[in-house]
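These are the residues of each chain, in order.
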Amino acid sequence: AGLHRVFDLFTSTAAEPWPESATLYQPLKEDQILLSDCASSLAVQAYLRMCGLPVQVVCKANAEYMSPSGKIPFIHVGNQVVSELGPIVQFTKAKGNSLSDSLEDVQRAEMKAYMELVNNMLLTAELYIQWCDDATAAEISRPRYSSPYSWPLSKILAYQKQWEVRRKMNAVGWGGKTLEQVYEDVSQCCQALSQRLGTQPYFFNKQPTELDALVFGHLFTILTTRLTSTELAERIKSYSNLLSFCRRIEQTYFEDKSS
Amino acid sequence: MAAPDELFCWEGDWGLPSVSTDCLVVLAYAQFAGAPLKLRKMSNPWRSPSGLLPTLRTNQKESLTRPSDIIIHLRKQKYNADYDLSAKEGADSLAFTSLLEEKLKPALIYTFWVEPKNYVDVTRRWYADHMPFPLNFFLPGRMQRGQLEKLRLLRGDEGLEAGEELEKELYRDAVECLNLLSQRLGSQKFFFGDSPCSLDAYVFGHLAPVLKSKLPNSKLQQHLKSLDNLSSFCSNILLLYFPQDGRETFGPKTSCSPAAAPEGGDFDHVPNKRRKQVLSALVALGAMLSYALLTGMVSIQQEALQPQPQPMTIGSHEDEDEDN
């Protein structure tokens, strides 16, 4: 429903320039935000930096509820609110900023397919590890997710979210997988990405696209987040071209950040 | 020589070897890789080892139901249709399969199970006609509820209902996905060269039901038919790998089809028609007879074969009956 509303507003606001006051909302960085949301947020931030569009990052405990689709992150530009990378890319395209215009049709098909690969395998694996692995859920996910709230709301919200994610895992056929199988899927996904990247600086030619932003968001977050085990980060580290890819984007677009 | 694994899958119709996407994916892959499977086509999921279709029962008596698991198992048995793919092609294959799952599958679930006209006229009717009594009363409805739930979870929207807005969104994503697939296929015979691989199996499994079924609300079908290379891709696979199932579309009947020839139109073909008619007649007769016996309209008089201790009592009892 949010996507439909956003498209309706395009025609009237496409001509407006990108305002200085654009903001990106995400949950609290230190205590609350989880791996998957942090990855999605970093992907959007990377994309906007690649487009040269300035945006302020604001952390709010109820960011998930403010978002029109319930997903993090979302941006507030002028008088519009757009959430998730896909719609945000469309939104900036309507304003005249696009990273993938110079691609040929076949390349654009590949770009979209690889973006879905990241969503289908990496993001789902992150959600699985966070909420379906009992150790991680108990030690990290549930405490962090419910940290802004007091008991008993914290317990209720945490378990509700866990139940919701577990149902989704069952629906997409990941419910019966073991942790080892999930790590294998992550390896397979990274192998495919590594293969596609090869020795190039970015996935397509010398210019980054939204695919680069998405891959950077997920891989960088996994590499720099502390989980109950380092297995996930280890799987990515075995692909050296992906590591140098992350480092390159960090240095090019995030060098002013101290982290 | 080890016995071949058994595959339980849904029956076919409309010129397809099976009506279910997952079954078609597995069947196509098995054909491409040359894997010998003992096929058990049925329309009663409760008769399969896991309660779901498709199910592969391996030699070690394991039951696998996810198409990806089944394909991995077949690959381990050295039936590998992706053997000739380069590393880059393998990566592309994974990416395009993900594209299918994320962008096309929700629209397919909507088209067959959620869109009211399609569901009532085609899907529910097919399953109710083909399932045995008494499953045909409740199982299609249960399957529909499961599919709607799945769509809700995939979209992350608990209050999702069938409607024009949802249809537009889903079909927009699906049309884009179909266009991307068409661009990638180009004028080639299969996605990666001259021999088919697992991606071809996935694409065939997802597209063939849309192409071949007769749907009242068929926007997706029309768009697919307008993409010539994808339509001929599906027809090609049917012709090459499933010739006996495609006989309705492709000319003279072959004699090796064990199923009964269709009686009348496709919609009127009810399997085991004679058996169902006899069964209905027997049930009706039995119901009438038991009603008659219980209300006493008909009574069974038992002739005593050996002398009874009190013959007088029985005689008066018989007298009373005769008075009625």
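The structure this text deals with has already been given above.
Because the structure is predicted, anything quoted here is derived from the model rather than measured. (Residues numbered from 1 in each chain as written. Chains lettered and ligands numbered in written order. Predicted model: local features only at pLDDT ≥ 70, side-chain atom pairs only at ≥ 80, totals over all residues. Heavy atoms only, no water.)

**Q** Would you take a moment to explain the sheet that holds strand β4 (residues 80-83) of chain A for this structure?
**A** Across a sheet, paired strands are connected by hydrogen bonds in the backbone, their directions being either parallel or antiparallel. Residues and elements named next belong to chain A. Spatially, β2-β1-β3-β4 is the arrangement adopted by the four strands of the open sheet, whose pairing is mixed. The sheet terminates laterally at β2 (56-59) and β4, the two strands that pair on one side only. Pairwise comparison of adjacent strand axes, ignoring direction, gives a mean angle of 25° for this sheet. Bridge count between strand β1 (residues 23-26) and β2: four bridges; the pairing is parallel. Residue Tyr-25 lies in a different strand from β2, and its bridge partner there is Val-58. Set on the sheet, helix α4 (residues 85-94) makes contact with β3 (74-77) and β4; between it and β4 the angle comes to about 135°. (Pairing = 2+ DSSP bridges. Helix = DSSP H or I, 4+ residues; strand = E, 2+ residues; numbered from the N terminus. Axes fitted to C-alpha atoms, helices over the stretch in contact; angles between N-to-C directions. Contact = heavy atoms within 4.5 Å.)

**Q** I tried to follow the interface of chain B and chain A on my own but got confused; where do I start?
**A** The parts lose accessible area when they come together, and the size of an interface is often stated as this lost area. Across the boundary between the two partners, chain B contributes 27 residues, which contact 30 residues of chain A. Summing the contributions of chain B and of chain A, the shared interface buries around 2,600 Å²; its carbon and sulfur component is 58%. Here Lys-112 of chain A makes a salt bridge to Glu-176 of chain B, at a shortest N to O gap of 2.7 Å. The interface formed by chain B and chain A contains five residue pairs in polar contact (both at pLDDT 80 or more). Of all elements in the fold, only α3 (87-114), α5 (135-155) and α6 (164-185) of chain B reach the threshold of two or more residues within the side of chain B that touches chain A. When residues in the side of chain B that touches chain A are grouped by element, the largest group, twelve residues, is from α3 of chain B. Residues belonging to the side of chain B that touches chain A are distributed by class as follows: nine nonpolar, two polar and 16 charged. (Buried area = accessible area lost by both parts, 1.4 Å probe. Salt bridge = Lys/Arg side-chain N within 4 Å of Asp/Glu carboxyl O. Polar contact = N/O pair within 3.5 Å; in protein donor to acceptor, adjacent residues only side chain to side chain. Nonpolar A, V, L, I, M, F, W, Y, C, P; charged D, E, K, R; others polar.)

**Q** Looking at this model, I keep getting lost on the packing of aromatic side chains. Mind explaining?
**A** Aromatic ring pairs are described here by two measures, namely the spacing of the ring centres and the angle between the planes. Taken as a whole and assessed by the stated rule, the structure comprises 17 aromatic pairs over all chains. On the basis of an interplanar angle of 80° and a centroid distance of 5.5 Å, the ring pair of Phe-191 of chain B and Phe-233 of chain B is categorised as edge-to-face. Of the two residues, Phe-191 of chain B sits in the loop between α6 and α7 (198-212) while Phe-233 of chain B sits in helix α9 (residues 228-241), which places them 42 residues apart along the sequence. On the accessibility criterion, Phe-191 of chain B (1% relative accessible area) is buried. Through a chain of ring-to-ring contacts, the aromatic side chains of Trp-10, Trp-113, Tyr-119, Trp-126 and Tyr-127 of chain B assemble into a single cluster. Taking the ring centre of Trp-163 of chain A as reference, the NZ or CZ of Arg-167 of chain A above it sits at 4.8 Å. In this arrangement the basic side chain of Lys-177 of chain A is found over the ring face of Trp-174 of chain A, its NZ or CZ atom lying 4.2 Å from the centre. (Phe/Tyr/Trp six-rings, centres within 6.5 Å; stacked < 30°, edge-to-face > 60°. Buried < 20%, exposed > 50% of the residue type's maximum accessible area, 1.4 Å probe, protein only. Lys NZ or Arg CZ within 6 Å of the ring centre and 35° of its normal.)

**Q** Is there a simple way to think about the side chain of Glu-115 of chain B in this case?
**A** Residues and elements named next belong to chain B. In this fold, Glu-115 is placed in the loop between α3 and α4 (116-130). The buried charged residue Glu-115 lacks any salt bridge partner; its closest oppositely charged side chain belongs to Lys-219, at an N-O distance of 6.6 Å. One polar contact links the side chain of Glu-115 to the main-chain amide nitrogen of Asn-118, over a distance of 3.0 Å. Residues in contact with Glu-115, not counting those within four places in the same chain, are Tyr-110, Glu-167 and Asn-217. (Lys, Arg positive; Asp, Glu negative; His and termini not counted.)

**Q** What exactly am I supposed to notice about the packing of helix α8 (residues 179-197) of chain A against helix α11 (residues 240-253) of chain A here?
**A** The angle between the axes and the distance between the axes are what describe a pair of packed helices. Residue and element names in this part refer to chain A. Packing of α8 against α11 brings their axes to within 9 Å, and their N-to-C directions diverge by 75°. Classified by the angle their axes make, α8 and α11 are roughly perpendicular. Together, Cys-190, Leu-193, Ser-194 and Leu-197 of α8 and Asn-241, Leu-242 and Phe-245 of α11 make up the contact between the two elements. Along the lines of polarity and charge, the residues of the contact of α8 with α11 split into five nonpolar, two polar and no charged. (Parallel < 35°, antiparallel > 145°, perpendicular 65-115°, else oblique.)

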